[in-house]
Amino acid sequence: FPPHVVYNAAGVPAEERNLALLCKRTLEMDVPEMMASFLVERHEAPWEFHRDYSRQLWDEARHAMMGTVAFEARGIDWTEIPLNVGFALRLNLHATPIERQIMLFAIEQSLMPGDTGKRAERQTAEEAGDALSAHFHDYDWADEVLHAQIGRRQLRRDGITVDEAMKRAHEIHEATWKALDAYKHLDEQADWWPEFVRKALGKESAVRSEELGELRILAE
């Protein structure tokens, strides 16, 4: 999913990076599809667990709506974006409920640094002159701060520290990423980004496939 790299790639104009961000928001429906499974499977958890994560699940679904609404406002058919379902697929089928929870927290925590995280994403939208995207990313930023707090609080209840969660998350990421190899033959693996930029922005993409590197990203 090239937008995972393009949105903060050096030398790429803000307009194209903002387009990548809107693709990432649209893809976020993959997050509640993963969260729903551990909410159901961890039925023994206390009410506070289900309250907090149900709130987060709705927020993540709302983020996906932000992406689709932003594309609708631009007159872009967002259903043409080949949304990669690998995140929910690999975690739901190849990780335990607590491992899914750990991965979710690690991703939220990785979004906190100001120079690369949610603050920077809102600034990208502002630089692109996209007021609607900037508005949406302001809400997205506030939500993710809350989500990191939820993850930290709920993992502490399970006796898992922040440092332990971050270490385990990378191990889970590597193991489940390898599991995706078994599914690649089911759909064409194509670089769709250049043509999408052409349609959406009316110009050529500032990045080439060979510049993206391996898209082995720990990201939402």
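Remember, it's a predicted structure, so these values are computed and weren't measured experimentally.

Enquirer: Provide a residue-level description of the nonpolar core, including the pertinent values.
Expert: Counting 25 residues, the largest nonpolar core has M34, Y53 and I102 as its most contacted members. Elements supplying a minimum of two residues to this core: α3 (30–41), α4 (47–73), α5 (86–94), α6 (97–110), α8 (131–157) and α9 (162–179). With 7 residues, the single largest contributor to this core is α6. Setting aside its immediate chain neighbours within four residues, Y53 contacts M35, F38, L39, Q101, L104, I150, G151 and Q154. Counting residues in hydrophobic clusters, the runner-up holds 23 residues, among them L21, L27, I76 and W192.

Enquirer: Let's hear about the pattern of salt bridges: which residues, and what values?
Expert: Taken as a whole and assessed by the stated rule, the structure comprises 26 salt bridges. For the salt bridge of R25 with E121, the shortest nitrogen-to-oxygen distance reads 3.2 Å. With a gap of 96 residues between them, R25 in helix α2 (residues 14–27) and E121 in helix α7 (residues 118–127) connect regions that are remote in the sequence. Each member of the pair, R25 together with E121, is buried. Put simply, E195 and R198 hold a salt bridge, and the shortest N to O gap is 2.5 Å. You can see E195 and its partner R198 sitting in helix α10 (residues 193–201), 3 residues apart, about one turn around the helix. For R198, a relative accessible area of 33% translates into the label partly exposed.

Criteria and cut-off values
Residues numbered from 1 in each chain as written. Predicted model: local features only at pLDDT ≥ 70, side-chain atom pairs only at ≥ 80, totals over all residues. Heavy atoms only, no water. Core = buried A, V, L, I, M, F, W, Y, C linked by side-chain atoms within 4.5 Å. Buried < 20%, exposed > 50% of the residue type's maximum accessible area, 1.4 Å probe, protein only. Helix = DSSP H or I, 4+ residues; strand = E, 2+ residues; numbered from the N terminus. Contact = heavy atoms within 4.5 Å. Salt bridge = Lys/Arg side-chain N within 4 Å of Asp/Glu carboxyl O.

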